[in-house]
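Working through the structure, step by step
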Amino acid sequence: MKQAEQPRSAYQSLWRLGPYARPWRRYLILGIIATVGGMAAGLTIPLVIQSILDGPIARGEISGLLWPVLAVALLGSAEAGLFYFRRKVLARPTTHIEARMRRDLYAHLQRLPVSFHDRWQSGQLLSRAVADLSTIRGFIAFVAIFLVVNSLTLLGGLIVLFGLNFWLGLTVLLAALPLITISTVFERKYKVVARLAQDQDGDLATTVEESALGIRVLKAFGRGPHLAGKFRKQAKLLRGTELRKVRISSLLWGAIVLLPEIGIAGQLLVGTTGIVNGTMTVGTLVAAMAVAAYLRWPTDSIGWLLAETNMAAAAADRYFEVMDEPVTVADPADAKPAASPARGHLRFSNVHFRHSEGSKEILSGVDLDVRPGETVALVGATGSGKTTLTALVPRLADVTGGQITIDGVNVADMRLADLRTLVSMAFEEPVLFSASVRENVALGTGEATDEQVWQALRIAQADKFVEALPWGLDTRIGEQGLSLSGGQRQRLALARAIVGRPSVLVLDDPLSALDVHTEAEVERALREVLSGVTALVVAHRPSTVQLADRVAMLADGRIAAVGTHSELLASNPAYRKLLSTLDAPEEVRA
Ligand SMILES: Nc1ncnc2c1ncn2[C@@H]1O[C@H](COP(=O)(O)OP(=O)(O)OP(=O)(O)O)[C@@H](O)[C@H]1O
């Protein structure tokens with residue numbers, strides 16, 4: 001997220017854009033040819049002016065002016081026409097490249113494991129997907145082209161200048177040479193600061209995003225001013241970095257403006273001496289000055305182009321930082337088909353899990369057999385690893401030891417798409433997307449008819465409130481839509497989990513946000529669904545335990561006890577103690 005460990009040169013960073021640009025190389029080359037053509041036309045104009053000054057004007061012949069004047073008009077039109085053509089020919093490839101990179105980034109983000117998303121701030125990802133890619137598009141569409149073209153123009157211009165007069169050429173060259181040294185130093189310094197600014201921009205985006213998402217919490221706790229303070233600090237930091245960027249580039253700009261002016265003074269000195277001594281014509285000096293003037297933009301733009309190149313290199317580094325992240329949870333090379341018909345026999349055998357190498361083991365040898373059609377409630381003290389265990393079933397993370405099988409097939413040997421059709425989940429925190437109710441529920445399966453959506457809603461006791469929504473299934477909910485109550489959101493999340501008729505249902509206590517009355521309604525409905533499905537349900541309340549055929553208690557990374565609720569109540573003091581700590585109505589606790 002922060003500085004790349006191995007600093008790369010801007011060239012190495014940008015070289016990696018090659019595979020994206022390659023399919024469009026014809027367009028890019030055409031763009032370069034058009035630009036070079038335009039520049040060549042522009043560079044020829046001073047030569048025509050020289051021929052006018054030294055020809056018709058020196059001889060006082062008006063008649064000889066027609067062709068040179070026509071030539072200037074034609075060359076000017078050609079320059080303008082080629083300029084237009086360049087923009088047109090480059091618009092398609094560059095927008096395509098940007099769109100393709102954005103598409104790949106999004107697809108990669110979807111494939112990356114949950115652990116990656118836990119580590120990365122969403123604002124950092126957002127700024128990469130938007131700002132950095134737009135910087136890269138600008139680089140390919142304009143900066144890269146002009147770096148090539150301006151270098152060629154400078155070379156062409158110097159050849160013309162040396163052709164006109166050796167000493168005039170040398171004067172301009174001597175004035176331009178120090179720019180190369182200054183630019184190299186500038187490139188190194190600017191890249192570091194440009195990268196820092198982009199990272200800080202990502203941090204700022206994260207703060208804005210988090211405060212928008214958590215606005216209720218912030219208001220409720222009166223923490224708005226605190227976050228505003230944090231935002232101000234981050235914005236100040238970014239401003240400081242931007243100022244450092246300006247300071248570095250101002251030095252370069254100073255040199256860029258000064259050196260060509262010195263070159264002009266030198267040209268005037270050399271030229272006037274030559275004219276007085278009779279070794280040079282006025283036309284030659286005027287043409288040389290016109291060429292030097294034409295070279296002002298290619299020379300002046302070097303600093304800006306290099307700055308943009310560094311920005312693009314930093315943007316490319318940031319882009320590939322995400323793209324290089326390995327997809328650790330992936331389809332196996334030799335995928336086995338899931339058992340057909342699926343029975344939903346879920347088995348954990350000596351399952352171990354730790355978040356990273358060297359970190360504490362969360363699960364250390366879990367053995368649990370959930371028989372087809374059975375519902376097992378998973379209980380345990382807070383932080384004992386219940387959520388972690390459930391997340392391993394659909395491979396939101398991979399076990400670090402042992403295995404999980406469904407109908408005898410290791411989940412790691414199945415295609416992820418097959419596994420996630422077999423297994424469905426509902427989480428403690430129901431996430432709704434900015435989309436219609438239909439889309440939010442149908443997300444639980446590839447395709448769902450309205451009838452299937454309604455059936456899932458009926459089972460999750462959500463049909464009545466959805467019918468009462470202003471546009472029924474088409475009502476937009478989520479961030480930009482209608483606000484739903486916690487219970488309504490949970491019921492939609494449940495409908496989503498069951499719409500695909502999974503064989504194994506994993507519920508991370510989706511009932512925790514429901515009030516007692518609604519909870520009872522959903523439980524009743526769930527009992528019907530659970531009868532045909534294997535289910536592992538994390539239970540934070542004894543009332544949820546009541547849904548299960550058996551209860552498994554997780555302690556010290558292992559299943560410490562398994563049995564029916566009443567068996568465990570009767571025989572297991574640790575279970576009794578655990579239940580007494582849970583928030584339970586008296587009648588359930590008994
Ligand atoms: N990314 C992570 N890196 C390291 N440890 C983590 C990470 N995420 C969670 N943990 C730790 O893993 C342990 C198990 O967490 P988990 O959420 O599975 O517990 P839980 O039993 O579901 O808790 P609760 O009942 O409070 O929801 C906790 O100690 C937690 O702090």
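Think of each chain on its own: its residues are numbered from 1, step by step along the sequence as written. Side-chain atom pairs in this predicted model are given and counted only at pLDDT of 80 or more, local residue features only at pLDDT of at least 70, and totals for whole chains, interfaces and linings cover all residues. Based on all heavy atoms of the structure, the side-chain values leave hydrogens and waters out of the count.

Take the packing of helix α3 (residues 25-59) against helix α4 (residues 66-111) next. The relative placement of two packed helices is expressed as an angle between their axes plus a distance between the axes. With axes taken as lines fitted to C-alpha atoms, and helix axes fitted only over the stretch in contact, angles between N-to-C directions fall between 0 and 180 degrees. Helix and strand assignments follow DSSP, with helices taken as H or I runs no shorter than four residues and strands as E runs no shorter than two, numbered in order from the N terminus. Two elements in contact, α3 and α4, have axes separated by 8 Å at closest approach and are oriented at 165°. In terms of axis orientation, α3 runs roughly antiparallel to α4. Here the hand of the crossing between α3 and α4 comes out left-handed. Here the residues of the contact of α3 with α4 sort into 17 nonpolar, seven polar and three charged. Working definition: roughly parallel below 35 degrees, roughly antiparallel above 145 degrees, roughly perpendicular at 65 to 115 degrees, and oblique for all remaining angles. What makes a crossing left-handed is the near helix being turned counterclockwise from the far one by less than a right angle; a clockwise turn instead makes it right-handed. Each residue gets one label: Ala, Val, Leu, Ile, Met, Phe, Trp, Tyr, Cys and Pro are nonpolar, Asp, Glu, Lys and Arg are charged, and the others, such as Gly, are polar.

Looking now at the pairing of strand β6 (residues 423-426). Each residue gets one of three labels from its accessible area relative to the maximum for its type: buried under 20%, exposed over 50%, partly exposed in between, using a 1.4 Å probe on protein chains only. Side-chain alternation along β6 places Val423 and Met425 on one buried face and Ser424 and Ala426 on a second face that is also buried. In this sheet, strand β7 (residues 504-508) lies alongside β6 in parallel orientation, the contact comprising four bridges. Following the sheet pairing, valine 423 is matched in β7 by valine 504. Think of it this way: DSSP has to see at least two bridges between two strands before they count as a pair.

Strand-to-strand pairing in sheets goes through backbone hydrogen bonds, with the strands running parallel or antiparallel. Taken in spatial order, the six strands of this open sheet run β6-β7-β8-β3-β9-β10, and their pairing is mixed. The sheet terminates laterally at β6 and β10 (558-563), the two strands that pair on one side only. Averaged over all pairs of adjacent strands, the angle between their axes in this sheet comes to 20°, without regard to strand direction. The contact rule is simple, with two residues in contact once any of their heavy atoms fall within 4.5 Å. The sheet strands contacting helix α17 (residues 486-499) are β6 and β7, and the helix crosses β6 at an angle near 180°.

Time to look at the domain arrangement of the chain. Domain start and end points were adopted from an automatic or database domain assignment. Domains assigned within the chain are domain 1 (10-323) and domain 2 (346-589). A C-alpha centroid distance of 55 Å is found between domain 1 and domain 2.

Summarising the element assignment, glutamate 325 is placed in the loop between α11 (296-323) and β1 (346-354). Of the residues examined, glutamate 325 reaches a relative accessible area of 17% and is grouped as buried. Spatially, the C-alpha atoms of glutamate 325 and leucine 346 are 31 Å apart, while their sequence positions differ by 21 residues. Contacts of glutamate 325, omitting those with residues within four sequence positions, involve His108, Leu112, Phe116, Arg119 and Trp120. A polar contact of 3.4 Å, which involves the side chain of glutamate 325, links it to the side chain of arginine 119. Pairs of N or O atoms within 3.5 Å make up the polar contacts considered here, provided that, within protein, one atom can donate a hydrogen while the other can accept it, and that residues adjacent in sequence are counted only when both atoms are side-chain atoms.

Moving on, we get to the site of the ligand. If even one non-hydrogen atom of a residue comes within 4 Å of a molecule or strand, that residue is called near it. Lining the immediate surroundings of the ligand are His355, Ile362, Ala381, Thr382, Gly383, Ser384, Gly385, Lys386, Thr387, Thr388 and His540. In the environment of the ligand, an oxygen atom lies 2.9 Å from a nitrogen or oxygen atom belonging to the backbone of glycine 383. In the complex, the protein chains occlude 59% of the 650 Å² of accessible area that the ligand would expose alone. Looking at which element gives the most residues to the shell around the ligand, the answer is helix α12 (residues 386-392), with three residues. Looking at side-chain class alone, the shell around the ligand contains two nonpolar, eight polar and one charged residues. Computed by Shrake-Rupley with a 1.4 Å probe, the accessible areas treat only the displayed protein chains as cover when residues are assessed.

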